[in-house]
Every structure is written in C-alpha cells, then in structure tokens.
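Below are the chains, spelled out letter by letter.
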Amino acid sequence: PQYQSASTIGFFLSMPHGEIQTRDAIQRMVCEDGKTLYVPRVGLDFELCDMDLVRCEGGDTLSSSNSEEGSGKLFYDSWPRNKWGIPEPPSSNTNIATPGDIDLLIVPGLAFDRNLHRLGQGKGYYDRF
C-alpha cells in the first residue's frame, strides 16, 4: 500500500556487482507507474560520507528506449560514475530533496534484523540521511 500511494520515491542505483540489481524496478517505477524518482549522489565529497537524494528530471526519466524487457537505455546510463561504479546525477542537477519531498525511501541492505536495523556496506550514507 505504501508504494501505490507514494508519488515520490527515493531509490538506490545498483552497484555493478554484489548487490540486487534495480534496473527493472526503476524502469517500472518511472515508465510504467509514473513515479517521481530521487536517487543518491555521494560523489561530491567522499571524505564527508554525505549523501543527497536528487530528483531525476522529466527529460532524464523519459529516456528509456525499450520498455518491453528493461533492455533499453535508461536515463542514468550516460551519467558519471562514482568510485564504486554507481551512476550519479550530474552536479548540474541541483534538485536536491528536502524534508517532506520523498513519500517512500527504499534503501539497500545486506541484512535486516527483527528491529528493522540495517546492515549496509559500512559507510553509513543512508543512516545519516
């Protein structure tokens, strides 16, 4: 029910390896379900371990060329990649989320416990966000 009622979603772009792949889910969110998507940008200062969620622009999100099987190019395929090989919104995109902008936030995790604590990759980006 949370997904259906959310109009804006914060979601992560997958690492190239070792993490669930989010490409098909992103294509569905944007191209089929019409959600506004916010994605992380951490590459501006790795030493701070700080992260912004940046709104994908309308022109960005319409760049899927083959929506049948998720094999077409998606808006982030041409974005710069951070040191982990993850695409990030260009620094020219300044549409950074503020409190209340995101209805639903889906975060990556290696494991979750019964108290909903998350084990991630160890830098704490989502925990600080």
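None of the values given here were measured: they were computed from a predicted structure.

## Concerning the confidence of the model for the protein chain
For the protein chain, the average pLDDT comes to 79, and 74% of its residues sit at 70 or higher. Element-level mean pLDDT values for the protein chain span from 52 in helix H3 (residues 58–61) up to 95 in strand E1 (residues 8–10).

## Overview of the sheet that holds strand E3 (residues 52–55)
The strand order E3-E2-E1-E4 describes an open sheet built from four strands, whose pairing is mixed. Each edge of the open sheet carries a strand with a single partner, namely E3 and strand E4 (104–105). Looking at chain direction, strand E2 (residues 36–41) and E3 are connected through four bridges and run antiparallel. Across the sheet, the residue bridging to Val 39 is Val 54, located in E3.

## Focus: the environment of Gly 109
Along the polypeptide, Gly 109 turns up in the loop between E4 and strand E5 (111–112). Along the backbone, Gly 109 and Ile 20 are 89 residues apart, and their C-alpha atoms lie at a distance of 9.3 Å.

## Observations regarding the pattern of salt bridges
Applying the stated criterion across every chain yields a total of two salt bridges. Between Asp 77 and Arg 23 there is a salt bridge; the shortest N-O distance is 2.8 Å. Highlighted residues: Asp 77 in the loop between H3 and E4 and Arg 23 in helix H2 (residues 23–32), separated in sequence by 54 residues. A salt bridge links Arg 28 to Asp 33; the shortest N-O distance between them is 3.0 Å.

## Comments concerning the pairing of E2
Extensive coverage of E2 is indicated by the burial of five of its six residues. In the classification by handedness, the crossover that spans E1, the intervening H2 and the parallel E2 is right-handed.

## Some thoughts on the packing of aromatic side chains
What the rule picks out here adds up to four aromatic pairs. Measuring from centroid to centroid gives 5.2 Å for Phe 75 and Tyr 76, while their planes differ by 85 degrees, and the two rings are edge-to-face. With a centroid separation of 5.4 Å and an interplanar angle of 70 degrees, the aromatic rings of Phe 75 and Trp 79 are classed as edge-to-face. Given a relative accessible area of 5%, Phe 75 falls into the buried group. Of the aromatic side chains, those joined through ring pairs into one cluster are Phe 75, Tyr 76 and Trp 79. Between Lys 35 and the ring centre of Tyr 3, over which it is positioned, the NZ or CZ distance is 4.6 Å.

Parameters and conventions
- Residues numbered from 1 in each chain as written.
- Predicted model: local features only at pLDDT ≥ 70, side-chain atom pairs only at ≥ 80, totals over all residues.
- Heavy atoms only, no water.
- pLDDT = per-residue confidence, 0-100.
- Helix = DSSP H or I, 4+ residues; strand = E, 2+ residues; numbered from the N terminus.
- Pairing = 2+ DSSP bridges.
- Salt bridge = Lys/Arg side-chain N within 4 Å of Asp/Glu carboxyl O.
- Buried < 20%, exposed > 50% of the residue type's maximum accessible area, 1.4 Å probe, protein only.
- Right-handed = clockwise from strand over helix to strand, strands pointing away.
- Phe/Tyr/Trp six-rings, centres within 6.5 Å; stacked < 30°, edge-to-face > 60°.
- Lys NZ or Arg CZ within 6 Å of the ring centre and 35° of its normal.

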